[in-house]
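# Inside the fold
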Amino acid sequence: MNVDKLTYAQVHEPMYVMEEELLRRNLSLIQGVAKAADVEIILAFKAFALWKTFPIFREYIGATTASSLFEARLAFEEFGSPAHSYSPAYTDNEIREFARMSSHLTFNSLSQYERHHLAARQANPGISFGLRVNPEYSEVETELYNPCAPGTRFGVTCDKLPARLPADIEGFHVHCHCESSAEEFQRSLAEIEKRFSPWFSQLKWINFGGGHLMTRRDYNTRLLVELLQGVHSRYPHLHIILEPGSAFAWQTGPLVAQVVDVVEDKGIRTAVLNVSFTCHMPDCLEMPYMPAVRGAEILDGENFDNEGNADAGSRKALEGTPTGAPGASPYIYRLGGCSCLSGDYLGLWLFDHELQVGENIVFEDMIHYTTVKTTMFNGIGHPSLAFLQSDGELHILRKFTYEDYRNRMD
């Protein structure tokens with residue numbers, strides 16, 4: 001069916017909608033950066049794994065990155081190429097299958113390498129081994145997402161590396177970003193080189209990980225290209241890899257929900273929805289991340305910018321809460337989820353009209369991470385997955401049923 005992509009008025013059920021036009025915009029930009037900088041940029045499944053869209057991705061990129069055996073299988077079977085794999089915990093019963101479906105296999109520690117490299121090599125004689133290293137530097141402020149936080153379980157610090165690496169270690173994997181800027185990469189790159197450049201002559205490739213949010217509107221892609229070209233000039237023998245996840249699906253589509261009730265307590269009016277923050281938008285409670293709602297203004301987001309990022313800027317604060325206070329707008333609503341978790345609600349938004357049961361609430365930018373982190377906690381039905389073609393035709397890729405919930409309990 002054709003839909004109005006501004007209101008999604010034709011949609012009457014919870015639905016994640018990826019828009020082809022927005023996806024191709026991101027893919028084209030990423031492809032352009034890869035060509036200009038002469039690097040390989042691949043898709044990280046931990047942020048996006050909607051495999052029915054892979055034919056479009058294959059027009060722009062050639063590989064993906066996996067952090068689990070199932071992701072490696074998805075790369076091998078559905079994307080059609082072996083994965084660049086990294087896991088903090090390879091196991092004896094998985095390592096051979098992991099290696100069989102991977103072109104690159106990065107070990108989290110030297111002990112993991114010692115335990116598994118022979119079996120991995122037997123399973124795939126042509127595989128390229130890497131080692132994750134920890135630069136002990138990151139500007140990620142939320143510790144939940146900081147891979148270099150003190151006590152991290154990720155990677156080897158420079159003081160623990162032998163002067164001569166094992167002969168079949170061909171690459172380093174460095175990950176210290178999360179939705180970060182080119183300027184942050186510039187500073188982290190200096191720390192990476194300071195600590196690890198003595199080993200670069202022993203390597204064939206370096207993977208600078210994810211978190212390079214190059215499709216964000218204010219991202220300095222020119223600086224990113226210059227930095228990567230600089231690495232090439234200093235170490236011309238190194239093949240450079242980046243594996244962002246969010247950048248590919250950044251602002252490529254919303255989660256469309258519906259109002260099912262409006263309740264009020266102590267002057268706070270809550271619009272109850274048929275989606276759940278804890279089930280369908282978990283970063284909103286974990287990060288915290290304040291989503292943008294189409295046609296509404298965030299009111300209690302003093303520490304959120306206009307893309308919903310915590311502690312990144314200052315927003316207009318609410319004057320006169322609760323909503324029943326003198327002078328307060330009658331159209332201020334908290335948005336509440338449909339689970340039985342008491343904390344399944346978020347924020348205060350100012351609308352320009354009174355919300356009605358059945359009307360759509362459109363949460364912006366809900367494709368990356370959200371679609372791979374959802375749960376069926378409380379038996380809550382999962383929103384459908386849909387793809388909006390450039391011609392306005394909406395295709396339902398997947399509807400979820402009771403059997404999907406039941407089978408998780410088998």
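Our structure's up above, just so we're on the same page.
What comes next concerns the included structure. (Residues numbered from 1 in each chain as written. Predicted model: local features only at pLDDT ≥ 70, side-chain atom pairs only at ≥ 80, totals over all residues. Heavy atoms only, no water.)

## Here we look at the sheet that holds strand S2 (residues 40–41)
Remark on secondary structure: sheet strands pair via backbone hydrogen bonds, oriented parallel or antiparallel. For the record, the criterion: Note on pairing: DSSP must find at least two bridges between two strands before they are called paired. Each helix is a run of DSSP H or I of at least 4 residues and each strand a run of E of at least 2, with the numbering of both proceeding from the N terminus.
Read across the open sheet, the 9 strands follow the order S2-S10-S9-S8-S7-S6-S5-S4-S3; overall the sheet is parallel. Both edges of this open sheet fall to S2 and strand S3 (43–44), since each of them pairs with a single strand only. When strand S5 (residues 83–87) meets strand S6 (residues 102–107), the two strands line up parallel, connected through 5 bridges. Each bridged residue has a counterpart across the sheet, and for Ala83 the counterpart in S6 is Ser102.

## Structural notes on the packing of helix H1 (residues 20–37) against helix H7 (residues 221–234)
A pair of packed helices is captured by two measures, namely the crossing angle of their axes and the spacing between those axes. Here is the rule we go by: Note on geometry: axes are lines fitted to C-alpha atoms, helical ones only across the stretch in contact, with angles between N-to-C directions running from 0 to 180 degrees. By definition, turning the near helix anticlockwise from the far helix through less than a right angle yields a left-handed crossing, and turning it clockwise yields a right-handed one. Contact between two residues is taken to exist if any of their heavy atoms lie within 4.5 Å; hydrogens are not considered. Asp, Glu, Lys and Arg are counted as charged, while Ala, Val, Leu, Ile, Met, Phe, Trp, Tyr, Cys and Pro are counted as nonpolar; the rest, among them Gly, fall into the polar class.
Between H1 and H7, the shortest axis-to-axis distance is 9 Å and the interhelical angle comes to 35°. Along this stretch, H1 crosses H7, giving a crossing that reads as right-handed. Where H1 abuts H7, its residues Leu29, Val33, Ala36 and Ala37 lie against Thr221, Leu224, Val225, Leu228, Gln229 and His232. Each residue belonging to the contact of H1 with H7 can be placed in one class, and the counts come to 7 nonpolar, 3 polar and no charged.

## Structural notes on helix H5 (residues 110–123)
Rules: By definition here, a helix of n residues has an expected span of 1.5 Å times n minus one. To get the bend at any residue, fit one axis to the seven residues that end at it and another to the seven that begin at it, then take the angle between the two axes. Think of it in three bands: with a 1.4 Å probe and only protein chains considered, a residue is buried below 20% of the maximum accessible area for its type, exposed above 50%, and partly exposed in between.
The end-to-end C-alpha distance of H5 is 20 Å, a good match for the 20 Å that 14 residues give at a rise of 1.5 Å each. The principal kink in H5, of about 50°, is found at His116. When we look at burial in H5, the residues that qualify are Gln112, Tyr113, His116, His117, Ala119 and Ala120. Considering only its buried residues, H5 is in contact with helix H4 (95–100), S6, strand S7 (128–133) and strand S8 (169–174).

## Some details on the side chain of Ser188
Inclusion rule: Think of a polar contact as two N or O atoms within 3.5 Å of one another; within protein, one of them needs to be a possible hydrogen donor and the other a possible acceptor, and neighboring residues in sequence only count if both atoms come from side chains.
Take Ser188: it is sitting in helix H6 (residues 182–196). Take Ser188: its relative accessible area is 2%, and that puts it in the buried class. For Ser188, the side chain forms a polar contact with the main-chain oxygen of Phe185, separated by 3.1 Å. Filtering out sequence-adjacent residues up to four positions away, Ser188 remains in contact with Tyr137, Cys176 and His177.

## Remarks on the pairing of strand S1 (residues 15–19)
Within S1, 5 of the 5 residues are buried, which leaves it mostly tucked inside the rest of the structure. By the alternation rule, side chains of S1 split into Met15, Val17 and Glu19 and Tyr16 and Met18, which are all buried. Sheet topology note: the S1/strand S11 (residues 255–265) ladder contains 2 bridges and is antiparallel. When the sheet's bridge partners are listed, Met15 is paired in S11 with Val256. Both S1 and strand S17 (residues 384–388) contribute to a ladder of 5 bridges, which runs parallel. Across the sheet, Met18 pairs through a bridge with Phe387, a residue of S17.

## What about the pairing of S6?
To keep things clear, this is the line we draw: The definition of a right-handed crossover adopted here requires that, viewed with the strands pointing away, the path from the first strand over the helix to the second runs clockwise.
The element S6 is largely enclosed, with a buried count of 5 among its 6 residues. The handedness of the S5 to S6 crossover, carried by H4, is right-handed. Where S6 lies against S7, 4 bridges are found, and the strand directions are parallel. Residue pairing in the sheet places Thr106 in a bridge with Gly130 of S7. With H5 bridging S6 and its parallel neighbour S7, the resulting β-α-β unit is right-handed.

## Some points on the packing of aromatic side chains
The criterion, for reference: Whether two aromatic rings pair depends on their centres lying within 6.5 Å, for rings of Phe, Tyr and Trp, where Trp uses its six-membered ring; planes under 30 degrees apart make the pair stacked, over 60 edge-to-face, and the rest tilted.
Scanning the entire structure with this criterion turns up 16 aromatic pairs. When the ring of Phe45 is compared with that of Phe54, the centres are 5.4 Å apart and the planes differ by 10°; the resulting orientation is stacked. For Phe45, a relative accessible area of 1% translates into the label buried. Pairing Tyr113 with Phe129 gives two aromatic rings, centres 6.4 Å apart and planes at 80°, and the pair type is edge-to-face.

## What to know about H7
Over its 14 residues, H7 runs 20 Å from end to end, which matches the ideal 20 Å to within 8%, given 1.5 Å per residue. All of the buried residues in H7 are Leu223, Leu224, Val225, Leu227, Leu228, Gly230, Val231 and His232.

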